[in-house]
Amino acid sequence: MKINNLIYSIKKLYNIINIDEINYELINYNSELLQKFINVSKTTKFANIPEIINYLEKSNNIYHIFLNNFNINLYIYSSVKLESFNFIKLLKLYKRILIIYKYYNLKKTINIHLTFWNKPRSLPKNDIFRPIHINGGFTNVNDNDIYIYRKDEYSKVVLHEFIHHIDKLNSSIYNISSYNIFKLKSFFNIHNNCHLEPVEAIIEFWSFIYNTIFISIEYSIPFKLLFKKELDFTLFQYNKLINNYKFINQWTENTNIFSYIIIKLILLVNYKNFLKLSIPYNENIFVDFILNNYNHNNYLKLLKKNNNNFSYLSKNSMKFMLFSNF
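Residues numbered from 1 in each chain as written. Predicted model: local features only at pLDDT ≥ 70, side-chain atom pairs only at ≥ 80, totals over all residues. Heavy atoms only, no water.

Student: In this structure, what is going on with the overall build of the chain? I would like to understand it.
Tutor: Within the chain, the secondary structure is distributed over 14 helices and six strands. Computed over C-alpha atoms, the radius of gyration of the chain comes to 19 Å, within 12% of the 20 Å expected from 2.2 N^0.38 for 326 residues, which places it in the range of a compact globule. For the C-alpha atoms alone, the extent of the chain along its principal axes is close to 55 × 45 × 40 Å. A separation of at least 24 residues holds for 74% of the contacts in the chain among residues at least 6 apart in sequence. Per element, the accessible surface of the chain, about 15,000 Å² overall, is 48% carbon and sulfur. One way to put it: in the chain the 38 positive side-chain charges average out to a point 9 Å from where the 23 negative ones average out. (Helix = DSSP H or I, 4+ residues; strand = E, 2+ residues; numbered from the N terminus. Rg over C-alpha atoms; globule rule 2.2 N^0.38 Å. Contact = heavy atoms within 4.5 Å. Areas by Shrake-Rupley, 256 points an atom, 1.4 Å probe, with all protein chains shown as cover. Lys, Arg positive; Asp, Glu negative; His and termini not counted. Charge placed at Lys NZ, Arg CZ, Asp CG, Glu CD.)

Structure (structure tokens):
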């Protein structure tokens, strides 16, 4: 696959969907929808956080964004009126999802549940990474619902969780063999008890690509320029992440930050060759690609050469993308 061909295809779809045709409505307080959001949050390790549950329990307004004849529903849960948010951004997000839905010719109904818990993604202090630090949402690919709870980078997180429902991108590495997990853990010195999900790097890579394409189209900025800036930022965050983990001998975590940042970086630095791999991915080829292309010293050289310190951002910020909130 060539990136220019993908951009061309997305542009064609972008022009056939009119944002003015998208509808929204206030749903009268719906305890069933809200209670399901609360219940599923309590049953997953990625959202069973008291602050999130408390925030949800106060969200007594539910808004529904939809387009007739499309099986995509966006529900926004809040304690304030919808007009308090960037409504145009929500409509653009809905349109982005429709475009990916059409590009992959998906058929299933997808319900996206969105709320705005206002805690930024951040570095832990003398601790390993846990969901409270970085996770923003979750989904079950065998179900129809996507749940997004963190305001920080929510539009990009929606893309990430939505792409999990694209079977040919998600399924091939989803049940990766224990042998290949062992190879990765041995190579990267990851603790044996640490849960590793390489598929998250694939999903994060594609959400990165699509988020960059959409911004390129919407703001008339060349994709290559945006990509380079985002790659510089990923290098910057990678270095921050590595330095933060110097207090432990073996990598360990209680989320998927290794895949989200480190494996994704390998894919991004070598994205032209990665795009040549057949989809669905062969797990052996994918793992070998990761092992053969990791180069820590080269990443540090690139970081130094580009000299982007992004000092205007909080030093504790663990955002995944520079333009993820556009």
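The structure having been displayed, the exposition proceeds.
Student: Would you take a moment to explain the nonpolar core for this structure?
Tutor: Side chains that are nonpolar tend, in soluble globular proteins, to be buried together. Ranked by size, the top nonpolar core spans 101 residues in total, and within it Trp206, Ile209 and Tyr210 carry the most contacts. Examining the composition of this core, we find that 12 residues originate from one element, helix α9 (residues 199-219), more than from any other. Contact partners of tyrosine 210, with chain neighbours within four places excluded, come to Leu6, Ile10, Ile100, Tyr103, Tyr104, Leu159 and Ile163. One finds Leu34, Ile38, Ile62 and Tyr75 within the second-largest nonpolar core, a separate group that totals 17 residues. (Core = buried A, V, L, I, M, F, W, Y, C linked by side-chain atoms within 4.5 Å. Buried < 20%, exposed > 50% of the residue type's maximum accessible area, 1.4 Å probe, protein only.)

Student: Just checking my understanding: could you explain the packing of aromatic side chains for this structure?
Tutor: Taken as a whole and judged by the stated rule, the model has 35 aromatic pairs. Consider the rings of phenylalanine 208 and phenylalanine 227, whose centres lie 5.7 Å apart with planes at 80 degrees: the pair is edge-to-face. Of this pair, phenylalanine 208 sits in helix α9 while phenylalanine 227 sits in helix α10 (residues 223-244), placing them 19 residues apart in sequence. Measuring from centroid to centroid gives 5.8 Å for phenylalanine 223 and phenylalanine 227, while their planes differ by 35 degrees, and the two rings are tilted. One end of the pair, phenylalanine 223, and the other, phenylalanine 227, are both in helix α10, four residues apart, so they sit about a helical turn from each other. The class for phenylalanine 223 is buried, based on a relative accessible area of 7%. Overall, phenylalanine 227 belongs to the buried group, its relative accessible area being 6%. Among the aromatic residues, those joined into a cluster by ring pairs are Phe129, Phe187, Phe188, Tyr238, Tyr245, Phe247, Trp251, Phe258, Tyr294 and Tyr299. The side chain of lysine 95 reaches across the aromatic face of tyrosine 14, ending 4.0 Å from its centre. (Phe/Tyr/Trp six-rings, centres within 6.5 Å; stacked < 30°, edge-to-face > 60°. Lys NZ or Arg CZ within 6 Å of the ring centre and 35° of its normal.)

Student: Is there a simple way to explain the pattern of salt bridges in this structure?
Tutor: Pairing between side chains of opposite charge can happen when their charged atoms approach one another. By the definition in use, this model includes nine salt bridges. For the salt bridge of aspartate 145 with lysine 36, the shortest nitrogen-to-oxygen distance reads 2.9 Å. Residue aspartate 145 is located in strand β6 (residues 145-150), and its partner lysine 36 is located in helix α2 (residues 31-43); the two are separated by 109 residues in the primary sequence. Across the pair aspartate 232 and lysine 228 runs a salt bridge, and its minimum N-O distance is 3.2 Å. In this pair, aspartate 232 and lysine 228 are both assigned in helix α10, four residues apart and thus about one turn of the helix distant. A relative accessible area of 4% places aspartate 232 in the buried class. (Salt bridge = Lys/Arg side-chain N within 4 Å of Asp/Glu carboxyl O.)

Student: Sorry, what's going on with unusual backbone geometry here?
Tutor: Most peptide bonds take the trans form, and the phi angle of most residues other than glycine is negative. Backbone torsion omega between isoleucine 279 and proline 280 reads 5 degrees, so that peptide bond is classified as cis. Structurally, the position occupied by proline 280 is in the loop between α12 (271-274) and α13 (283-293). Residues other than glycine seldom take positive phi values, yet asparagine 69 does so here, at roughly 75 degrees. With respect to the helices and strands, the residue asparagine 69 is situated in the loop between β2 (61-66) and β3 (72-78). The phi dihedral of asparagine 126 falls on the positive side, at around 50 degrees, and the residue is not glycine. Structurally, asparagine 126 can be placed in the loop between β4 (110-117) and α5 (131-134). Asparagine 126 gets classed as exposed once you look at its relative accessible area, which sits at 73%.

Student: Even after reading the chapter, I still don't get the pairing of β2, so can you show me in this structure?
Tutor: Regular strands place their side chains on alternate faces of the sheet. Judged by how many residues are buried, β2 sits mostly within the fold: six of six residues are covered. Side chains of β2 alternate between two faces, with Asn61, Tyr63 and Ile65 and Ile62, His64 and Phe66 buried alike. Pairing of β2 with β3, which is carried by six bridges, proceeds in the antiparallel orientation. Bridge pairing links phenylalanine 66 to asparagine 73 in β3. Linking two consecutive strands that pair antiparallel, namely β2 and β3, is a turn of five residues; a positive phi of about 75 degrees is found at asparagine 69 within it. (Pairing = 2+ DSSP bridges.)

Student: Looking at this structure, I do not really get the side chain of serine 216. What am I missing?
Tutor: Within the secondary structure, serine 216 is located in helix α9. You can call serine 216 buried: its relative accessible area is 11%. In this structure serine 216 touches Ile221, Pro222, Phe223 and Leu226, once residues within four positions along its chain are discounted.

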